[in-house]
Amino acid sequence: MGPDHRLKWIVCMMVAIQFLAFYLVKDLDWRWVLFWTYAFGSCINHSMTLAIHEISHNTAFGNNKAMWNRYFAMFANLPIGLPYSASFKRYHLDHHRYLGGDGVDVDIPTDFEGWFFCTRFRKFIWIILQPLFYAIRPLCINPKPITYLELSNMAIQVSFNVALYWLWGGKPVVYMLAGSMLGMGLHPISGHFIAEHYMFLKGHETYSYYGSLNLLTFNVGYHNEHHDFPSIPGRRLPMVKKIAAEYYDHLPNYSSWVKVLYDFIMDDSLSPYSRIKRTLKGEVKQE
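This structure is a prediction, so every number in the text was calculated from the model and none was measured.

Trainee: Residues and numbers for the environment of N45, please.
Mentor: Relative to the helices and strands, N45 resides in helix α2 (residues 30-56). By relative accessible area, which is 1% here, N45 ends up buried. In this structure, the C-alpha to C-alpha distance between N45 and W168, residues 123 residues apart in sequence, is 19 Å.

What follows is the structure, encoded as structure tokens:
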């Protein structure tokens, strides 16, 4: 456990790469803007969301410098275009503390999602619209009072977006926002949304993925390991699996997020309802 001191430098490099991309796309033809948005920008932006996931566990600067992590997450948020890092932190810790908790864990789809997106075509549309549902779902399931950090996140992000448009025009803004939406929708990396907790096998609620895309996603595929030890940075999760192999090697796992997406769409027994939902008892302490 403890901070990953390389994380902040990796995040700074990724932000710098996207700033360079903003400059390079400003003079491109629109068809090339859209091509590079999906081929490159979507990968970087989705990876950046998972860097923010890492930072939400205070792995950039450690627990003793919690506020440094919060504001660094806002910095990492800049190339994504959508101000969400402060809110993500609040809801994500609830997800760890009350996994599947009805009315608390906003990772659980709403009843409407489960009822409506039940055919192959509708599940395909649902995956494309994943970022929209992840944004709206907290407002439906577990709305919380807005905080100073969320207001700060919004003010910083809006100011950056306006400055980017004023400096280099609309193409970098489209590249940024569309890249975020596409990267979290129908994209190979977004297979982790389905792979992590959807019950492909009865009785197994959380699954790990041990494929090569972990290199771009801060090892978020090591998901059983992450939920067992959320304070361990993603870079060290393979060490957890190696040290405690007898606890993980026999568990079902994935080697392809693309196959996860395909199987979810084509298997008629799977839908947004394929999650374990729990009725929480006793006192519930939320972030």
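The structure having been displayed, the exposition proceeds.
Trainee: Which residues make up the UniProt feature "domain: Fatty acid desaturase" (unreviewed entry) in the protein, and what values do they have?
Mentor: What UniProt calls "domain: Fatty acid desaturase" (unreviewed entry) maps, in this numbering, to residues 32-255. Helix and strand shares over residues 32-255 are 60% and 2% respectively, and the end C-alpha atoms of the span are 32 Å apart.

Trainee: Any chance you could break down the nonpolar core for me, citing the residues and the numbers?
Mentor: Counting residues in each nonpolar core, the largest one holds 33 residues, and the members touching the most others are V11, M48, I55, W126, I194, W257 and F264. Elements supplying a minimum of two residues to this core: α1 (7-25), α2, α3 (66-77), α6 (120-128), α10 (191-195) and α14 (257-266). In contact with I55, not counting residues within four places along its chain, are L7, V11, A60, N69, R70, F72, A73 and A76. If you look at the next biggest cluster of nonpolar residues, it comprises 10 residues, including A21, F22, V33 and M176.

Trainee: Describe the layout of surface pockets, and please don't skip the residues or the numbers.
Mentor: A water-sized probe rolled over the atoms picks out the places where empty space is left. Counted as a void, the largest pocket has a volume near 1100 Å³. If you trace the largest pocket, you find 38 residues lining it, with Y84, F88, Y134, A135 and P138 closest to the centre. Taken together, the elements giving at least two residues each to the lining of the largest pocket come down to α2, α4 (85-97), α7 (130-141), α8 (148-168) and α10. The dominant element in the lining of the largest pocket, judged by the number of residues it contributes, is α7, at seven residues. The volume enclosed by the second largest pocket comes to roughly 360 Å³. Every residue lining the second largest pocket is counted, 18 residues in all, and those nearest its centre are I10, S47, L215, L216 and F218. For the lining of the second largest pocket, the secondary-structure elements that each account for two or more residues are α1 and α2. Counting residues per element, the lining of the second largest pocket draws most heavily on α1, at five residues. The residue inventory of the lining of the second largest pocket, partitioned by class, reads 11 nonpolar, four polar and three charged.

Trainee: Please set out the state of the cysteines residue by residue, giving values where relevant.
Mentor: Tallied over the entire structure, the rule returns zero disulfides. Unpaired in terms of disulfides, C140 finds its nearest cysteine sulfur in C118, a separation of 19 Å. A residue is classified by how much of its surface remains accessible, and C140, at 55% relative accessible area, is exposed.

Trainee: Lay out the pattern of salt bridges in plain terms, naming residues and giving numbers.
Mentor: Taken as a whole, this structure holds 13 salt bridges when the rule is applied. Between D102 and K277 there is a salt bridge, with the nearest N and O atoms lying 3.8 Å from each other. Taken together, the positions of D102 in the loop between α4 and α5 (111-116) and K277 in the segment after α14 put the pair 175 residues apart, joining distant regions of the chain. Between E205 and R278 there is a salt bridge whose closest N-O contact spans 2.7 Å.

Trainee: Provide a residue-level description of the UniProt feature "transmembrane region" (unreviewed entry) in the protein, including the pertinent values.
Mentor: UniProt feature "transmembrane region" (unreviewed entry): in the numbering of this structure it lies at residues 6-25, 71-88, 146-168 and 174-195. For residues 6-25, the end-to-end C-alpha separation is 29 Å, with 95% helix and 0% strand making up the annotated structure. A distance of 29 Å separates the end C-alpha atoms of residues 174-195, which is 68% helix and 0% strand.

Trainee: Any chance you could break down the side chain of D105 for me, citing the residues and the numbers?
Mentor: Tracing the chain through its elements places D105 in the loop between α4 and α5. It turns out D105 is buried and unbridged, and the closest side chain with the opposite charge, R275, is 4.4 Å from it. A polar contact of 2.8 Å, which involves the side chain of D105, links it to the backbone nitrogen of G100. When residues no more than four places from it in sequence are discounted, the contact partners of D105 are H95, Y98, L99, G100 and R275.

Trainee: Lay out helix α9 (residues 170-183) in plain terms, naming residues and giving numbers.
Mentor: The end-to-end C-alpha distance of α9, which contains 14 residues, comes to 19 Å, matching closely the 20 Å that a straight helix rising 1.5 Å per residue would cover. Taken together, the buried positions of α9 are occupied by K171, P172, V173, Y175, M176, G179, S180 and G183. Elements that come into contact with the buried residues of α9 comprise α1, α2 and α8.

Trainee: I'd love a proper account of a nonpolar patch on the surface, names of residues and values included.
Mentor: Where nonpolar side chains cluster on the molecular surface, the patch consists of F121, F124, I128, L129, L132, I136 and L186 and spans about 570 Å² of accessible area. At the level of secondary structure, the elements contributing two or more residues to the nonpolar patch comprise α6 and α7. By residue number, the principal contributor to the nonpolar patch is α6, which donates three residues. By secondary structure assignment, the location of L186 is in the loop between α9 and α10.

Cut-offs and rules
Residues numbered from 1 in each chain as written. Predicted model: local features only at pLDDT ≥ 70, side-chain atom pairs only at ≥ 80, totals over all residues. Heavy atoms only, no water. Helix = DSSP H or I, 4+ residues; strand = E, 2+ residues; numbered from the N terminus. Buried < 20%, exposed > 50% of the residue type's maximum accessible area, 1.4 Å probe, protein only. UniProt positions renumbered as here; feature names shortened; annotations may be inferred. Core = buried A, V, L, I, M, F, W, Y, C linked by side-chain atoms within 4.5 Å. Contact = heavy atoms within 4.5 Å. 1 Å grid on protein atoms, 1.4 Å probe; cavity = no way out; pocket = protein on both sides within 12 Å on 5 of 7 lines; lining within 4 Å. Points joined across faces, edges and corners; volume = space filled by probe spheres on them. Nonpolar A, V, L, I, M, F, W, Y, C, P; charged D, E, K, R; others polar. Disulfide = S-S within 2.5 Å. Salt bridge = Lys/Arg side-chain N within 4 Å of Asp/Glu carboxyl O. Lys, Arg positive; Asp, Glu negative; His and termini not counted. Polar contact = N/O pair within 3.5 Å; in protein donor to acceptor, adjacent residues only side chain to side chain. Expected span 1.5 Å × (residues − 1). Patch = residues over 30% accessible without salt bridge, like charges linked within 9 Å, V, L, I, M, F, W, Y side chains within 5 Å. Areas by Shrake-Rupley, 256 points an atom, 1.4 Å probe, with all protein chains shown as cover.

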